[in-house]
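# A structural walkthrough
Each chain, letter by letter, is given below.
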Amino acid sequence: MSLNPSLSNTPRSDGCTLAGALSVASAVADGVTIVHGPSGCSHHHVSLLLTALLDRPGARLPVLLSDDLGETEVIFGGEDALDEALDEAATHSPGSIAVLSTCVAEAIGDDCAAVAERVRSVPVVVVPAGGFLGGGFYEGERAALGAYAALSARLPAPDLDEGPVVALVGEKNLEYEADSHAAELGRLLGRLDLEIGLRFVRETPTALFGLLPKADLLVLREPGLGTLADRFPVRPRTPHIRGFPVGLTATLAFLLNAGRALGLDATAACEAEAAHQDAVLARFGGLSGSRISLPAASRWAVEVADALGMTVHPSGLPVPVPDPAPVGTAGIARLLARWGRLL
Amino acid sequence: MKQIALYGKGGIGKSTTSANLSAALGEGGRSVLQVGCDPKHDSTRMLMHGEPLPTVLDLVRERGAANVALEDVVRTGYAGVRCVEAGGPEPGIGCAGRGIIATFQLLEERGALEADVIVYDVLGDVVCGGFAMPMREGYAEEVYLVSSGELMSLYAANNIAKAIARLAERPRCRCRLAGVILNAKGMEREEELVRAFADAIGSRLVAAIPRDRVVQLAELHRRTVIEYAPDSAQAGVYRRLANDVLENTDLSIPRPLTQDELESLALEYTTL
């Protein structure tokens with residue numbers, strides 16, 4: 001925990017399990033999310049979510065319901081309230097419904113899964129999201145991804161054109177640059193004549209989840225998702241790339257790894273991307289010779305500085321290195337533009 | 001006003017003891033309120049001649065707390081004893097402990113907690129903060145542990161003693177242990193054992209209620225022993241208990257035993 005109360009020390013990815021689960025469930029394009037708990041609990045997290053969405057003009061506002069548990073439900077159990085909320089959610093004709101439990105629902109032992117299993121016309125996923133169980137935002141995010149992965153095994157695979165299915169897994173939906181990162185990965189994969197077949201889960205209609213078991217390559221947002229992805233209902237030995245590429249070399253390695261995973265020759269793609277990187281660096285040639293300082297852990301940023309002929313030294317001008325780090329060559333271009341404004 | 005609570009292991013006879021105690025107190029001219037704090041809501045059944053009471057929590061669920069009046073939940077039974085049942089959720093769902101808290105809040109808001117003696121009959125062990133609430137919030141100022149000589153019963157009583165000792169450390173908590181009541185199972189050296197237990201935890205045995213068939217007969221007739229067999233020896237025991245409770249000023253903060261101490265004590269009074 002940081003004792004510095006500044007906003008920059010308050011990342012959106014910290015906090016309650018419920019917030020993490022909500023960041024995933026609310027990104028199902030045709031989904032309805034029920035927060036099974038007191039309305040205030042829902043309000044707090046939904047406010048956080050909507051604040052993040054306000055950063056993105058035109059963003060879809062997700063359908064979120066609370067079953068408004070009060071003292072009576074705490075005493076007698078909240079399962080009936082959840083049952084009613086599920087009926088209400090179904091009237092929105094969603095592709096799927098997510099039930100996110102809260103601390104109080106977990107504490108009184110409501111069996112959300114049993115309520116969800118009652119025959120309904122819409123698939124229901126249940127995500128245990130009681131923050132008091134010790135988890136935080138990431139545990140909620142992973143629990144939700146796991147729940148939708150389990151759902152994917154029950155859905156028919158949609159008909160698609162021939163070609164390998166590449167799935168992005170675990171995009172950080174509260175990240176301002178989430179779509180920029182996906183666009184960059186789409187551009188890189190395009191060099192191998194590949195497309196992103198599934199964004200799991202970001203603005204994805206439920207029916208597309210049926211693609212997950214058919215995926216030929218999983219590209220994980222971060223290495224920490226590997227353990228979760230290992231349990232996905234995908235075909236045995238489905239390759240994973242563990243982390244979006246950050247840095248010049250890592251971006252080229254991404255192309256090589258993707259090609260190798262799918263049995264494609266990535267040589268030409270790498271050469272073309274290397275030339276593109278050279279062109280990007282040339283655009284920022286004016287930064288050459290600048291003296292900067294960087295956080296110790298950002299080796300990829302040192303690589304960029306070296307490539308531009310900049311001097312990295314503790315006495316140099318401190319320049320920002322965003323966290324999370326920028327993805328691909330496009331991310332580096334955005335970073336250099338930012339440095340350029342400072343230098 | 002005396003506010004007493006009877007705690008003990010499930011099935012040990014808290015409700016029978018509470019109802020007979022209330023009946024004896026009422027018969028003696030005291031105004032008495034008995035509050036059953038158990039979801040199975042049968043604490044006051046004998047006082048009400050088997051008439052089931054609408055429970056506080058059932059009415060709260062049906063109407064909302066704002067629409068529950070005192071006369072809806074308080075009924076007068078034998079010897080003028082006013083009876084209330086908290087009720088609670090079905091087994092396996094919800095939080096009965098929170099139900100106890102909600103019941104007490106409602107009764108207090110409606111001004112129901114007024115009498116010469118209020119008897120709280122509380123479910124089994126102190127299973128969570130909700131069931132400790134009568135002690136914690138100052139409703140139950142004098143706690144009586146109801147126990148037999150069985151080890152599990154003493155174990156539960158010792159656990160409640162732990163809760164009292166813990167709560168007594170809080171400045172605003174007035175809860176104290178008032179004594180141990182033996183509700184005998186007819187075991188060998190049972191009274192000696194329970195008396196020794198009471199002494200060991202820094203309290204005393206206030207009553208030894210023998211096992212007597214008249215208790216079962218009275219229950220079958222939906223009466224307290226005080227009403228069904230007023231001249232019986234058992235009724236006399238309950239009346240003496242009522243007198244002792246009224247006169248009891250010997251309140252203590254218990255010193256609960258360790259598991260080993262408790263087992264050693266039980267072994268000492270067991271014939272192998």
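Residues numbered from 1 in each chain as written. Chains lettered and ligands numbered in written order. Predicted model: local features only at pLDDT ≥ 70, side-chain atom pairs only at ≥ 80, totals over all residues.

### A few points about the overall build of chain B
Secondary structure assignment for chain B yields 11 helices and 8 strands. For 272 residues, the compact-globule estimate of 2.2 N^0.38 gives 19 Å, and chain B sits close to it at 18 Å. Oriented by its inertia axes, the alpha-carbon framework of chain B measures out at about 55 × 45 × 35 Å. For chain B, the proportion of its 272 residues judged to be buried stands at 51%. Contacts in chain B between residues far apart in sequence, at least 24 positions, make up 76% of those at least 6 positions apart. (Helix = DSSP H or I, 4+ residues; strand = E, 2+ residues; numbered from the N terminus. Rg over C-alpha atoms; globule rule 2.2 N^0.38 Å. Buried ≥ 20, exposed ≤ 12 C-beta atoms within 10 Å, placed from the backbone. Contact = placed C-beta atoms within 7 Å.)

### A few points about the pairing of strand β6 (residues 142-147) of chain B
Residue and element names in this part refer to chain B. Summarising burial for β6: 6 of the 6 residues are buried, a large majority. Burial along β6 is two-sided: Glu 142, Tyr 144 and Val 146 facing one way and Val 143, Leu 145 and Ser 147 facing the other are all buried. Inspection of the sheet shows strand β1 (residues 2-8) paired to β6 by 5 bridges, in the parallel sense. When the bridges of β6 are listed, Ile 4 appears paired with Glu 142. Note that β6 and strand β7 (residues 176-183) share 6 bridges and pair parallel. Within β7, the residue paired with Tyr 144 across the bridge is Gly 179. (Pairing = 2+ DSSP bridges.)

### A few points about the packing of helix α11 (residues 267-283) of chain A against helix α13 (residues 328-342) of chain A
Residues and elements named next belong to chain A. α13 packs onto α11 with a crossing angle of 5 degrees between their chain directions and a minimal axis gap of 10 Å. With respect to their mutual orientation, α11 and α13 come out roughly parallel. Residue-level inspection shows Glu 273, His 276, Gln 277 and Val 280 of α11 in contact with α13, the latter providing Thr 329, Ile 332 and Ala 333. Split by residue class, the contact of α11 with α13 holds 3 nonpolar, 3 polar and 1 charged. (Axes fitted to C-alpha atoms, helices over the stretch in contact; angles between N-to-C directions. Parallel < 35°, antiparallel > 145°, perpendicular 65-115°, else oblique. Nonpolar A, V, L, I, M, F, W, Y, C, P; charged D, E, K, R; others polar.)

### Some details on the interface of chain A and chain B
Tallying the contact residues gives 8 residues for chain A and 11 residues for chain B. It is helix α3 (residues 71-76) of chain A that contributes the most residues to the side of chain A that touches chain B, 5 residues altogether. In the side of chain A that touches chain B, the residues fall into 4 nonpolar, 2 polar and 2 charged.

### A word on the pairing of strand β2 (residues 32-37) of chain B
Residues and elements named next belong to chain B. Within β2, 6 of the 6 residues are buried, which leaves the element mostly enclosed by the surrounding structure. On β2, burial covers both faces: Val 32, Gln 34 and Gly 36 on one face and Leu 33, Val 35 and Cys 37 on the other are all buried. Judged from the 6 bridges that link them, β2 and strand β5 (residues 117-122) form a sheet pairing that is parallel. Looking at β5, one finds that Val 35 is bridged to Tyr 120. Of the pairings in the sheet, the one linking β2 to strand β4 (residues 82-85) comprises 4 bridges and is parallel in character. From the neighbouring strand, Val 35 faces β4, where its bridge partner is Val 84.

### Some words on the sheet that holds strand β4 (residues 124-127) of chain A
Note: strands within a sheet are paired through backbone hydrogen bonds, in either parallel or antiparallel orientation. Residues and elements named next belong to chain A. Taking strand neighbours across the sheet as the criterion, the 4 strands line up as β2-β1-β3-β4 in an open arrangement whose pairing is parallel. Edge positions in the sheet fall to β2 (63-66) and β4, since each of these pairs with one other strand and no more. In this sheet, neighbouring strand axes are inclined to one another by 20 degrees on average, regardless of whether the strands run parallel or antiparallel. Bridge analysis of strand β3 (residues 96-101) against β4 gives 4 bridges, and the strand direction is parallel. Each bridged residue has a counterpart across the sheet, and for Leu 100 the counterpart in β4 is Val 127. Taken strand by strand, helix α1 (residues 17-25) contacts β1 (31-36), β3 and β4, and its axis lies near 175 degrees from that of β3. Where helix α4 (residues 79-90) meets the sheet, its contacts fall on β1, β2, β3 and β4, and the angle it forms with β1 comes to roughly 160 degrees.

### Details of helix α7 (residues 190-200) of chain B
Given 3.6 residues to a turn, an α-helix orients residues that are three or four positions apart in the same direction. Residues and elements named next belong to chain B. Within α7 the residues assigned to the buried category are Glu 190, Leu 193, Val 194, Phe 197 and Ala 198. Projected onto a plane normal to the axis of α7, the buried residues spread over an arc of 135 degrees and lie on a single side. Looking at the buried positions of α7, the neighbouring elements they touch are β6, α6 (151-168), β7, β8 (205-209) and α11 (259-268). Gly 202 sits one or two positions beyond α7 and adopts a positive phi of about 85 degrees. (Arc of directions from axis to C-beta.)

### Here's the deal with the domain arrangement of chain A
Residues and elements named next belong to chain A. Entries for chain A in the domain assignment read domain 1 (12-152), domain 2 (166-271) and domain 3 (272-342). Computed from C-alpha coordinates alone, the two centres of domain 1 and domain 2 are separated by 27 Å. In this complex, domain 1 contributes 21 residues to the contact, which on the side of domain 2 involves 20 residues. Only α1 and α7 (137-152) provide two or more residues apiece to the side of domain 1 that touches domain 2. At 7 residues, α7 tops the list of elements feeding residues into the side of domain 1 that touches domain 2. (Domains from an automatic or database assignment.)

### Considerations on the sheet that holds strand β5 (residues 166-169) of chain A
All names here are of chain A. Across the sheet, which stays open at both edges, the 4 strands sit in the order β6-β5-β7-β8 with parallel pairing between neighbours. With partners counted over all chains shown, the strands left at the sheet margins are β6 (196-200) and β8 (240-242), one partner each. For this sheet, the mean angle separating the axes of adjacent strands, direction not counted, is 20 degrees. In this sheet, strand β7 (residues 217-220) lies alongside β5 in parallel orientation, the contact comprising 4 bridges. Each bridged residue has a counterpart across the sheet, and for Ala 167 the counterpart in β7 is Leu 218.

### Quick notes on the environment of Val 302 of chain A
Residue and element names in this part refer to chain A. Looking at where Val 302 falls in the secondary structure, it is placed in helix α12 (residues 299-307). A count of 17 C-beta atoms within 10 Å places Val 302 in the partly exposed class. A C-alpha to C-alpha distance of 9.9 Å links Val 302 and Ile 292, two positions 10 residues apart in sequence. In this view, Val 302 contacts Leu 294 and Val 312; residues no more than four positions away in its chain are not counted.

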